[in-house]
Amino acid sequence: MDLLNVREKYDKDCIYLAEVGDGGSAEYVNGLFLYNLVDETVLYLLPLSYGGISLTGEFQSACWKLLGYKTFSNGICRLIYKRNE
């Protein structure tokens, strides 16, 4: 699917969910950030250190506003960011 064309046709009426689970999907999501196709992102921070997937390539903090966060009893933290307009 060509998301650039879908965005132009339907504007804000479309919602897509992209979940990162491995390096391939991380590369795809970085591309979505590169073409400014992401309006909101939810990040989960896990209190583990075993490597991981980098998503910071096209995520520039100056372009995002923290909407909210929640910490869970198991140490996981959920951060919700929205693109600045």
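From a predicted model like this one, the values you see are computed outputs, not experimental measurements. (Residues numbered from 1 in each chain as written. Predicted model: local features only at pLDDT ≥ 70, side-chain atom pairs only at ≥ 80, totals over all residues. Heavy atoms only, no water.)

## As for the pairing of strand β2 (residues 64-71)
Thinking step 1. Two strands pair when backbone bridges link them, and β2 and strand β3 (residues 77-83) are joined in this way by seven bridges, in the antiparallel orientation. Residue pairing in the sheet places L66 in a bridge with Y81 of β3.
Thinking step 2. Between β2 and β3, which pair antiparallel and follow one another directly, the connecting turn spans five residues, one of which, G75, has a positive phi of 95°. (Pairing = 2+ DSSP bridges. Helix = DSSP H or I, 4+ residues; strand = E, 2+ residues; numbered from the N terminus.)

## Examining the packing of aromatic side chains
The relation between two aromatic rings is expressed through the spacing of the ring centres and the mutual angle of the planes.
Thinking step 1. Applying the stated criterion across every chain yields a total of one aromatic pair.
Thinking step 2. Judged by centre distance (5.7 Å) and plane angle (70°), the rings of F33 and W64 are edge-to-face. Taken together, the residues span a long stretch of sequence, with F33 in helix α2 (residues 23-34) and W64 in strand β2 at a distance of 31 residues. The pair formed by F33 and W64 is uniform in burial state, with each residue classed as buried. (Phe/Tyr/Trp six-rings, centres within 6.5 Å; stacked < 30°, edge-to-face > 60°. Buried < 20%, exposed > 50% of the residue type's maximum accessible area, 1.4 Å probe, protein only.)

## With respect to the environment of Y69
Thinking step 1. Residue position: Y69 is located in strand β2.
Thinking step 2. In the structure, Y69 is positioned twelve residues away from Y81 in sequence and 9.0 Å away in space, judged by C-alpha atoms.
Thinking step 3. For Y69, the residues in contact, after removing those within four places along its chain, are R78 and L79. (Contact = heavy atoms within 4.5 Å.)

## Section: a nonpolar patch on the surface
Thinking step 1. Where nonpolar side chains cluster on the molecular surface, the patch consists of V42, Y44, L46, L48 and F72 and spans about 480 Å² of accessible area.
Thinking step 2. Among the secondary structure elements, Y44 is positioned in strand β1 (residues 40-45).
Thinking step 3. Of the residues examined, Y44 reaches a relative accessible area of 47% and is grouped as partly exposed. (Patch = residues over 30% accessible without salt bridge, like charges linked within 9 Å, V, L, I, M, F, W, Y side chains within 5 Å. Areas by Shrake-Rupley, 256 points an atom, 1.4 Å probe, with all protein chains shown as cover. Salt bridge = Lys/Arg side-chain N within 4 Å of Asp/Glu carboxyl O.)

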